[in-house]
Amino acid sequence: MKKLINDPADVVAEALRGMDAAHPELRVDHTNRIVYRGDAPVRGKVGLISGGGSGHEPMHGGFVGPGMLDAACAGEVFTSPVPDQMVEATRGVDGGAGVLHIVKNYTGDVMNFEMAAELAGAETGVEVLSVVTDDDVAVQDSLYTAGRRGVGVTVLLEKIVGAGADEGRDLAAVAALARKVNGNGRSMGMALTSCTVPAAGQPTFDLPDDQMEIGIGIHGEPGRRRVPVAPAREIAAMLVEPVLHDLDFTGPDGVICFVNGMGGTPLLELYLMYAEVAALLEKANVRIARSLVGPYITSLEMAGCSVTLLKADDELVRLWDAPVTTPGLRWGA
Amino acid sequence: MSATLGRLEEWVRRFAVAVHSHRDELTRLDAAIGDADHGSNLDRGMTAVVAALDAEPQPGAAALFKKVGMTLVSTVGGASGPLYGTFFLRVATASGEVTELDGPAFAKALRAGLEGIVARGKAEAGDKTMFDALAPAVDALDAALADGDPLGESLRAATAAAEAGRDATIPLVARKGRASYLGERSVGHQDPGATSVTLLVAAAADALA
């Protein structure tokens, strides 16, 4: 294992120290591993918190700031944070209008946030609602799985719902907006390489040089199938087709098209992939209203990408365009 | 024979030792069908539990198991934190603030813990989870105690049942947790949760014999 680390056990704590040093506009609670926007709680605004395992940076800590999240709880690498962190963050961002928990659909995340919502209600009296993202079409949504994973749509959701909360919507309306975004979004990802969890010291799975995994999640878990590496044009089709098959994106308002890097793939290749994806969407009569290209929800140093489409409308595009000031996304402010 | 508070604490401590020495094995099993952190997460949690017990003696069974459960919930993360945490919190409630549990009371507490895991994780038999080792162990414990076997011997029967349940997860298709994303590709791998909970039952047999 070759990594820019000191001790594998200290990776998360030391990275949070760096975030704190690099972003004086944020406030980091190192004991509870929570990143807050510096002016939290914002009086009268619904508080938005998210969290999850570390290793997906910039998500979620990099999305804390005006126009997006109020706080993010960092777990160990690829491990959900614990309820104490979420309860503390809930207390810390409550400006009197309640708090929305944004949870990606993974068994551990869902269980820990569930316990946190129970405890937060009992211990703090803050009104809490939860929204679970589950946009990954690679997983069959059936009784026989833990359900679809929450992946790329989480980034778009945190941005759009952050703007919605800034407009002064109440907790129920903010939660409804979050559910609408999740319902309108679908994703599919692929990996060229595995990744190495620092505490484990070796790659999570073996992937020969001439093979790739289609339908991966964001934790180095194997995907739906393993196939020989192919040109980008064919890979784009393997990602876009199942997404288009799952939901009709041909409406007049078009889509927000998000090509995400898994951590180890250069922007050069991501833009190349974006061109392939855009060409496929044009052929499928899907209009692109807005786009996002870059590594925003990553899987450590995994090479690969994912494609997320979010069916847009005037409201979603307006909220997408609203100002945002976070380490990971920043425009219009 | 009944289990004194000291022996109950010894159960927890022996489980911590077992988790630590099987840490890499648990992580390796998890790497095959999950996300390669079960050993390190549970080891971190049980290390914190031992530190908490060292720092502060517990007055009774309910306090002891509540401390274990809350510490695990606060330190483990992932799915195993809420699952093991809920297990011990339910064991605490079922035990009550006593300084000794007889066989039937201990078995009742274990069953309450099992029911807590079901409530939290919604697992059923054959889903390839910790339930598949723990449920037969609790059944075997009840059966042996009903036959009049002493607690230590009954717990050895429970351990054998847990081991059989654990081994029987190998050919199963996972239907819960991250392993379920693999579908048929989860076949041929032993479930890490079933493996760690077998260590928990075996630790009880060692400590309460």
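Please refer to the structure higher up on the page.
Residues numbered from 1 in each chain as written. Chains lettered and ligands numbered in written order. Predicted model: local features only at pLDDT ≥ 70, side-chain atom pairs only at ≥ 80, totals over all residues.

### Here we look at the overall build of chain B
As a reminder, the rule being used: Strands are runs of DSSP state E lasting at least two residues, helices are runs of H or I lasting at least four, and both sets are numbered from the N terminus onward. Here the globule rule reads 2.2 Å times residues to the power 0.38, and the radius of gyration is calculated from C-alpha atoms. We call a residue exposed when 12 or fewer other C-beta atoms sit within 10 Å of its C-beta, buried when the count reaches 20 or more, and partly exposed for counts in between; the C-beta positions come from the backbone. Residues are treated as contacting if the C-beta atoms built from their backbones sit within 7 Å of each other.
Along the backbone of chain B there are nine helices and two strands. From first element to last, N terminus to C terminus, chain B shows the α and β order β-α-α-α-α-α-β-α-α-α-α. Whereas a compact globule of 209 residues would reach a radius of gyration of roughly 17 Å, chain B reaches 16 Å, a difference of no more than 12%. In terms of overall dimensions, chain B has a C-alpha envelope of 45 × 40 × 30 Å along the principal axes. Residues counted as buried form 61% of the 209 residues belonging to chain B. Considering only contacts within chain B whose residues lie at least 6 apart along the sequence, 68% involve residues at least 24 apart.

### Quick word on the overall build of chain A
Across its full length, chain A holds eight helices and 14 strands. Here chain A has a C-alpha radius of gyration of 19 Å; the compact-globule value for 333 residues is 20 Å, and the two agree. By principal-axis analysis of the C-alpha atoms, chain A measures approximately 50 × 50 × 40 Å. The buried share of chain A, reckoned over its 333 residues, is 57%. Across chain A, contacts joining residues at least 24 apart in sequence account for 71% of those joining residues at least 6 apart.

### Observations concerning the packing of helix α7 (residues 131–146) of chain B against helix α8 (residues 151–167) of chain B
Residue and element names in this part refer to chain B. Formally: An axis is simply a line fitted to the C-alpha atoms; with a helix, the fit covers only the stretch in contact. Between two such axes, the angle follows the N-to-C directions and lies from 0 to 180 degrees. Oblique is the label for every angle not falling under 35 degrees (roughly parallel), over 145 degrees (roughly antiparallel), or within 65 to 115 degrees (roughly perpendicular). For a crossing to be left-handed, the near helix must be turned anticlockwise from the far one by less than a right angle; the clockwise case is right-handed. Under this grouping Gly is polar, as are all residues other than the nonpolar Ala, Val, Leu, Ile, Met, Phe, Trp, Tyr, Cys and Pro and the charged Asp, Glu, Lys and Arg.
Remark: α7 packs on α8, axes separated minimally by 7 Å, with the N-to-C direction vectors making an angle of 150 degrees. As far as their axial angle goes, α8 and α7 are roughly antiparallel. Taken as a pair, α7 and α8 cross one another with a handedness that is right-handed. Residues D132, A133, L134, P136, A137, D139, A140, L141, A144 and L145 of α7 lie in contact with α8, whose contacting residues are E153, S154, L155, A157, A158, T159, A161, A162, A164, G165 and R166. Of the residues that constitute the contact of α7 with α8, the class distribution is 14 nonpolar, three polar and four charged.

### A few points about the sheet that holds strand β9 (residues 225–228) of chain A
Residue and element names in this part refer to chain A. Basically, it comes down to this: DSSP bridges decide pairing: two strands pair if at least two such bridges lie between them.
Spatial ordering of the open sheet is given by β9-β8-β7-β12-β10-β11, a layout of six strands whose pairing is mixed. The outermost strands of the open sheet, each flanked by one partner alone, are β9 and β11 (288–294). Averaged over all neighbouring strand pairs, the angle between strand axes comes to 20 degrees, with direction disregarded. Relative to β9, strand β8 (residues 211–214) is paired through four bridges, and the arrangement is antiparallel.

### Some details on the interface of chain A and chain B
Opposite the 28 residues of chain A that make contact, chain B presents 24 residues. With five residues, the single largest contributor to the side of chain A that touches chain B is helix α3 (residues 107–124) of chain A.

### Digging into unusual backbone geometry
The amide bond that connects A40 of chain A to the next residue, P41 of chain A, takes the cis arrangement and shows omega of -5 degrees. Here the amide bond leading from M59 of chain A into H60 of chain A is cis, since omega sits at -5 degrees, within 30 degrees of zero. Structurally, the position occupied by H60 of chain A is in the loop between β3 (47–54) and β4 (71–77). With phi around 55 degrees, L300 of chain A is a residue other than glycine that occupies positive phi space. Mapped onto the secondary structure, L300 of chain A falls in the loop between β11 and β12 (304–311). In this structure, K128 of chain B is a non-glycine residue whose phi angle is positive, near 70 degrees. Inspection of the secondary structure puts K128 of chain B in the loop between α6 (103–121) and α7.

Interpretation note: all reported values are geometric properties and have no functional meaning in isolation.
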